[in-house]
Amino acid sequence: KVLLKYFTPLPTCTVGEIFELKAELNSDKKEKKKEAVKKVIASMTVGKDVSALFPDVVNCMQTDNLELKKLVYLYLMNYAKSQPDMAIMAVNTFVKDCEDANPLIRALAVRTMGCIRVDKITEYLCEPLRKCLKDEDPYVRKTAAVCVAKLHDINAQLVEDQGFLDTLKDLISDSNPMVVANAVAALSEIAESHPNSNLLDLNPQSINKLLTALNECTEWGQIFILDCLANYTPRDDRESQSICERVTPRLSHANSAVVLSAVKVLMKFMEMLPKDLDYYSTLLKKLAPPLVTLLSAEPELQYVALRNINLIVQKRPEILKHEMKVFFVKYNDPIYVKLEKLDIMIRLASQANIAQVLAELKEYATEVDVDFVRKAVRAIGRCAIKVEQSAERCVSTLLDLIQTKVNYVVQEAIVVIKDIFRKYPNKYESVIATLCENLDSLDEPEARAAMIWIVGEYAERIDNADELLESFLEGFHDESTQVQLQLLTAIVKLFLKKPTETQELVQQVLSLATQDSDNPDLRDRGYIYWRLLSTDPVAAKEVVLAEKPLISEETDLIEPTLLEELICHIGTLASVYHKPPSAFVEGSRGVMHKRLPAQSTESPDVGTAAGGSAPEAAPSIIPSQGDLLGDLLNLDMAPPTTSGPPPPTTGMQMGGMDLLGGGLDSLVGISHSVDPYAATPGQPVNPFWVKWSLQTRRSDGVLSLQVWLPAMKAKGLEISGTFARRAGVIQMELILTNKAMSVMTDFAIQFNRNSFGLAPAGPLQVLTPLGPNQTIEVSLPLSTVGPVMKMDPLNNLQVAVKNNIDVFYFSCQYPISMLFVEDGKMERQVFLATWKDIPNDNESQFQIKDCHLNSDAASSKLQGSNIFTIAKRTVEGQDMLYMSIKLSNGIWVLAELRVQAGNPNYTISLKCRAPEVSQCVFQCYEAVLKN
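Since we're looking at a predicted model, the values are computed, not measured. (Residues numbered from 1 in each chain as written. Predicted model: local features only at pLDDT ≥ 70, side-chain atom pairs only at ≥ 80, totals over all residues. Heavy atoms only, no water.)

### With respect to the nonpolar core
Counting 209 residues, the largest nonpolar core has Tyr 75, Phe 94, Leu 129, Leu 210, Val 247, Leu 361 and Phe 421 as the members making the most contacts within it. Ranked by residue count, the leading element in this core is helix H28 (residues 481-497), at ten residues. Sequence-distant contacts of Leu 210, defined by excluding residues within four places in its chain, comprise Ile 172, Val 180, Val 184, Leu 202, Ile 225, Cys 228 and Leu 229. (Core = buried A, V, L, I, M, F, W, Y, C linked by side-chain atoms within 4.5 Å. Buried < 20%, exposed > 50% of the residue type's maximum accessible area, 1.4 Å probe, protein only. Helix = DSSP H or I, 4+ residues; strand = E, 2+ residues; numbered from the N terminus. Contact = heavy atoms within 4.5 Å.)

### Some points on the packing of aromatic side chains
Counting across every chain of the model gives twelve aromatic pairs. With centroids separated by 6.0 Å and ring planes inclined at 70°, the aromatic side chains of Phe 723 and Tyr 814 adopt a geometry described as edge-to-face. With Phe 723 in strand E2 (residues 717-726) and Tyr 814 in the loop between strand E8 (807-813) and helix H36 (828-837), this residue pair connects regions lying 91 residues apart in the sequence. The pair formed by Phe 723 and Tyr 814 is uniform in burial state, with each residue classed as buried. Between Phe 846 and Phe 922, the ring centres sit 4.5 Å apart and the planes meet at 10°, which makes this aromatic pair stacked. On the criterion of sequence distance, the pair formed by Phe 846 in strand E9 (residues 843-848) and Phe 922 in helix H38 (residues 918-930) is long-range, its members being 76 residues apart. The two residues Phe 846 and Phe 922 agree in class, both being buried. (Phe/Tyr/Trp six-rings, centres within 6.5 Å; stacked < 30°, edge-to-face > 60°.)

### Looking at helix H14 (residues 204-214)
Those residues of H14 that sit buried are Ser 206, Ile 207, Leu 210, Leu 211, Ala 213 and Leu 214. Projected down its long axis, H14 shows its buried positions confined to an angular sector of 160°, all on one face. (Arc of directions from axis to C-beta.)

### Thoughts on unusual backbone geometry
Residues Asp 792 and Pro 793 are joined by a peptide bond in cis, for which omega reads 0°. Within the secondary structure, Pro 793 sits in the loop between strand E6 (775-783) and strand E7 (796-802). We note that His 578 has phi near 60°; this positive angle belongs to a residue other than glycine. Along the polypeptide, His 578 turns up in the loop between helix H33 (573-577) and helix H34 (628-633). On the basis of relative accessible area, His 578 is assigned to the buried category, the value being 15%.

### With respect to the pattern of salt bridges
Counting across every chain of the model gives 33 salt bridges. Note that Lys 38 and Glu 35 form a salt bridge whose closest N and O atoms lie 3.9 Å from each other. With Lys 38 and Glu 35 both in helix H2 (residues 30-45) and three residues apart, this pair spans about one turn of that helix. Overall, Lys 38 belongs to the partly exposed group, its relative accessible area being 33%. A salt bridge links Glu 460 to Lys 497, with the shortest nitrogen-to-oxygen separation between them at 2.9 Å. Residue Glu 460 is found in the loop between helix H26 (445-457) and helix H27 (465-473), and its partner Lys 497 is found in helix H28; the two are separated by 37 residues along the sequence. For Lys 497, a relative accessible area of 26% puts it in the partly exposed group. (Salt bridge = Lys/Arg side-chain N within 4 Å of Asp/Glu carboxyl O.)

### Thoughts on the packing of helix H16 (residues 237-247) against helix H17 (residues 256-269)
Orientation of H16 relative to H17, taken along the N-to-C sense of each, is 160°, at an axis distance of 10 Å. When the axis of H16 is compared with that of H17, the two are roughly antiparallel. Crossing of H16 over H17 shows left-handed handedness. From H16, Ser 240, Ile 243, Cys 244 and Val 247 reach across to H17, where they touch Ala 262, Val 265, Leu 266 and Phe 269. Its residues assigned to classes, the contact of H16 with H17 comprises seven nonpolar, one polar and no charged. (Axes fitted to C-alpha atoms, helices over the stretch in contact; angles between N-to-C directions. Parallel < 35°, antiparallel > 145°, perpendicular 65-115°, else oblique. Left-handed = near helix turned anticlockwise from the far one by under 90°. Nonpolar A, V, L, I, M, F, W, Y, C, P; charged D, E, K, R; others polar.)

Next up, the structure:
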């Protein structure tokens, strides 16, 4: 019976109750009428349907009693949507109330108008709203400002046609701070739903008015104004400093939302302040205390503050570098606060405070909360990787924890010790014996996989490595995929190190992986290892036992571009989720991406013109070159899909066939004939990638025809070629000559993965058979969306050509200028910011000798190769050209070319986020300028 009431339909007023209320509402006595309206509101609040009383309640609007009017308006807001025809009855009263002598009634009327979301009556409300926006009383104006935003949500076109947006913009200059705050809030709300409307067209004058209002409005008004300021980009560092000075007092506000909004503004505008400025260091010191104060609030507020601090510390760790102790965990902190504090402690760890951090972490590792202990143990490993001087102490601490024999502590310790081995090879391997003692206690996949990796990697130092791995092999099919893959690799490593003792073991694991497993990843890896070992053990050793790159210090840092966007959203849900608004906000709102402004500096002096787009996100660095086998397994003759019409189907079209003709078996020479220059699996550098250096340059700097594949190497097929860029499209110009006695047909072409993703944009159009002694010219358009792998040299291209006779392989080099795109001219301000943002370590300097062009001629000549001059200045008789280049994969290269009159030697400085490309770009400069 107690629960039954929750499953019954909402109660409705009986006919008698409705009749009684109707009579009371139409009473002549004001008090009785007011009591009746209160009863109606009470019934409405508990869910009773009192919509039948709509006309009677509306009649009660004609009163001077403010309390009664508020109750009637409350009823109207609730039922207007379900009774739109009846709601029109109230329009005249709204119009009348908007001209009432009492400003409270005028404001109440305009507020209610904004809350009645009925299309039929919105057009009747425009005139009253226009009057209220220009009302003499600020309370009415501020209420009307919010009403515009609500009306815009109902009918945006009506608001724009009536000119309310312009009136709203005028209110930013209002003398009353609360009106200004509400106008800013309304415009911000409208701008969010229309990101491209540019409603908040801020300028120094309007910013000054907002800052003036900031000191006098309520706390929520301050938040609206601060959020608006955060969307403004100052003209220079002086204006930025001025705004920061006037916003800084908000850091001491009692409301944590105001504090975070102020921090957001300061974090953004600090980007434009020179770091050698005294005020910059002063501001850093002022930011720390308010952030620390936020941590004395309730746990929920602490968590929000910590998530924001996590972002701030990643961007500017120097702000809180002396405040480590406030992030030490308290015994009564909730787990979500503990884990967040732990994360920030690691980010702030340095050589100066590592001792106290390690002491804390060791203490945490003895807590009772399992999740917290696991994170603490991992944190010790992260400290070792981050602060090299502390690595030995961290390893010692981890060994002490392993001695506790607490199962989950031991497993976490082994996982992080594996990472320490990767970071500091040949330094701490003496602890392996201790780790091996705990093999039997490992039951979690990640810990088992880590231990297997250690045994396989250091098998030569472990006497019974084969026995240890064999013990894991006994339950191979019960292990997780992560452990199975690691075990397969570890046993292959062991075999390559101790081949005579472990041949039976490696055959057993390869059989389990390839014949008894249903997992395709495991089977593929097993087959690759099997054929590597069976065809060329030396090559297998080079691949499997290759030197591994050192792991990164911080693997969990937020990607820089995303971090910049999240900094611009401090104090919002985005900063708590650590995701951009577009990731969790549906619809059109919140999808506008924000970026920090470019830093204002003095060098290089290329002008400080306002405007210009923000610098593009740093492109990802080119992946490292892997082994050739994986690439050949992926050779697929199907061209990339394009939006254009499909090419005509012919016998020579690439189709979906395997380039090697016989799949994997032909690749490794099983049951098929193999070309003497074909690939040997697993061999990183193979003889069939023949590099022919018959390269000469034409006077325009473009590579002239080169013989890429001589007839003697390709059973009579000779391939010559060059590269060109026409109308933004890269072309591979090929000349195919048949020097054999037989006809050649069915031509197809495929590229190996390469540094810039070059791939055929369509099939090789050889539409007629190529007879003996015949030559044909083919132009193959290339795209830059193919698979990427770093090559050596960077512009090396490995090509496979197939015809009816065989598959032939050759290697050629393309001039990197083919990748310079036409929209590579960077804005001055963006160039300035990007030059300073790229680390000095990424700068390379070269000499171009024997060049007799003046700076203008050089600039003109380089522009023909899509190398654009951004600015020019002359210092002591030396012309300095600042240039930008954009590669097809989004990488920007910035250049400073120094030309001294009478000196034939030029100096060029190149800056790039991917410094590997600098050498190639220099060669391009040299080729263009000297020819």
